[in-house]
Amino acid sequence: MAKRVYLSPSDQRRNTYATGGTTEDVQCGKIAAACKAALERSGVEVMVGQYDTMANRVAASNKFGADLHVPIHTNAFNGKVSGTRMFCYSVPGKGYDACRAVFGQLAPLTPGTSENIQANPRLYEVRNPAAPSVYCECEFHDTIQGARWIVEHTTDIGEAIAKGLCEYLGAAYVPARQEAP
């Protein structure tokens, strides 16, 4: 039986980037599309929900029978912090284990250094899905360097998340085919 992942990219249209004339919803949608393509290439069933309420996304994830529920966001704080942050329901736990697998692929890729995995059961999409949640804050978009990097690396971010998810799920990650130079 194939593993199932529900991707829930941010729908925050008003959360603008420090550069690039873009928003969190646009970039997270691109990251989710790249992640979906990589997961499907690797034999994982994927459902994506973006422009709906969190309650409806969680309900769709539960109905889909997701093995993992994966919110995809970029972060903002004070225009000075950068790095990968991830959230799960509890430490230890299945969500934490899945976060560690994704963090191992994503954190070395992102330019920031303020990186960690934390339990945060107050977050709706961590607390309510039936599946363990792997809540990704991929990098900070309120710094010029972070925003530029995200815009230029949406495919790389999606691939890294997919690679970590495959690792946790025991699915063989299939890399994208590279064109010959």
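What you see is a predicted model; the values in this text were computed from it and never measured.

### Points about the environment of glutamate 24
Logical step 1: Secondary-structure assignment places glutamate 24 in helix 1 (residues 24–41).
Logical step 2: Along the sequence, glutamate 24 and asparagine 75 sit 51 residues apart, while their C-alpha atoms lie 8.6 Å from each other.
Logical step 3: When neighbours within four sequence positions are excluded, glutamate 24 is seen to be in contact with Ser10, Gln12, Asn15, Tyr17, His73, Thr74 and His141.

### A few points about the packing of helix 3 (residues 94–106) against helix 6 (residues 154–169)
Relative placement of two packed helices is described by the angle separating their axes and the distance separating the axes.
Logical step 1: Orientation of helix 3 relative to helix 6, taken along the N-to-C sense of each, is 135°, at an axis distance of 8 Å. One way to sum up the angle between helix 3 and helix 6 is to call them oblique. The handedness of the crossing between helix 3 and helix 6 is right-handed. Touching Lys94, Asp97, Ala98, Ala101, Val102, Gln105 and Leu106 of helix 3 are Ile157, Ala160, Ile161, Lys163, Gly164, Leu165, Glu167 and Tyr168, all from helix 6.

### Some points on the pairing of strand 5 (residues 116–119)
Logical step 1: Alignment of strand 4 (residues 85–88) against strand 5, held across four bridges, turns out to be parallel. By the bridge assignment for strand 5, arginine 85 is matched with asparagine 116.
Logical step 2: Of the crossover connections in this fold, the one passing from strand 4 over helix 3 to the parallel strand 5 is right-handed.

### So, the side chain of histidine 141
Logical step 1: Note on placement: histidine 141 falls in the loop between strand 6 (135–140) and helix 5 (144–152).
Logical step 2: In this structure histidine 141 comes out as buried when scored by relative accessible area, which is 1%.
Logical step 3: Side-chain polar atoms of histidine 141 contact the side chain of asparagine 15, separated by 3.2 Å.
Logical step 4: Looking at histidine 141, its side chain comes within polar contact range of the side chain of threonine 74, at 2.8 Å.
Logical step 5: In contact with histidine 141, other than residues within four places in its own chain, are Asn15, Thr16, Tyr17, Ala18, Glu24, Thr74, Asn75, Ala76, Ala147 and Ile150.

### Considering unusual backbone geometry
Logical step 1: Cis rather than trans, the peptide bond between valine 91 and proline 92 has omega equal to -5°.
Logical step 2: Here proline 92 lies in the loop between strand 4 and helix 3.

### Some words on the sheet that holds strand 4
Logical step 1: Judged by pairing direction, the sheet is mixed, and its six strands sit side by side in the order 2-1-3-6-4-5 without closing on themselves. The sheet terminates laterally at strand 2 (45–48) and strand 5, the two strands that pair on one side only. Adjacent strand axes in the sheet meet at a mean angle of 20° when their direction is disregarded.
Logical step 2: On top of the sheet, helix 2 (residues 54–64) reaches strand 1 (4–9), strand 2 and strand 3 (68–75); it is set at about 170° to strand 1, its chief contact.
Logical step 3: Of the strands in this sheet, strand 3, strand 4, strand 5 and strand 6 touch helix 3, which is tilted by about 165° from strand 4.

Cut-offs and rules
Residues numbered from 1 in each chain as written. Predicted model: local features only at pLDDT ≥ 70, side-chain atom pairs only at ≥ 80, totals over all residues. Heavy atoms only, no water. Helix = DSSP H or I, 4+ residues; strand = E, 2+ residues; numbered from the N terminus. Contact = heavy atoms within 4.5 Å. Axes fitted to C-alpha atoms, helices over the stretch in contact; angles between N-to-C directions. Parallel < 35°, antiparallel > 145°, perpendicular 65-115°, else oblique. Left-handed = near helix turned anticlockwise from the far one by under 90°. Pairing = 2+ DSSP bridges. Right-handed = clockwise from strand over helix to strand, strands pointing away. Buried < 20%, exposed > 50% of the residue type's maximum accessible area, 1.4 Å probe, protein only. Polar contact = N/O pair within 3.5 Å; in protein donor to acceptor, adjacent residues only side chain to side chain.

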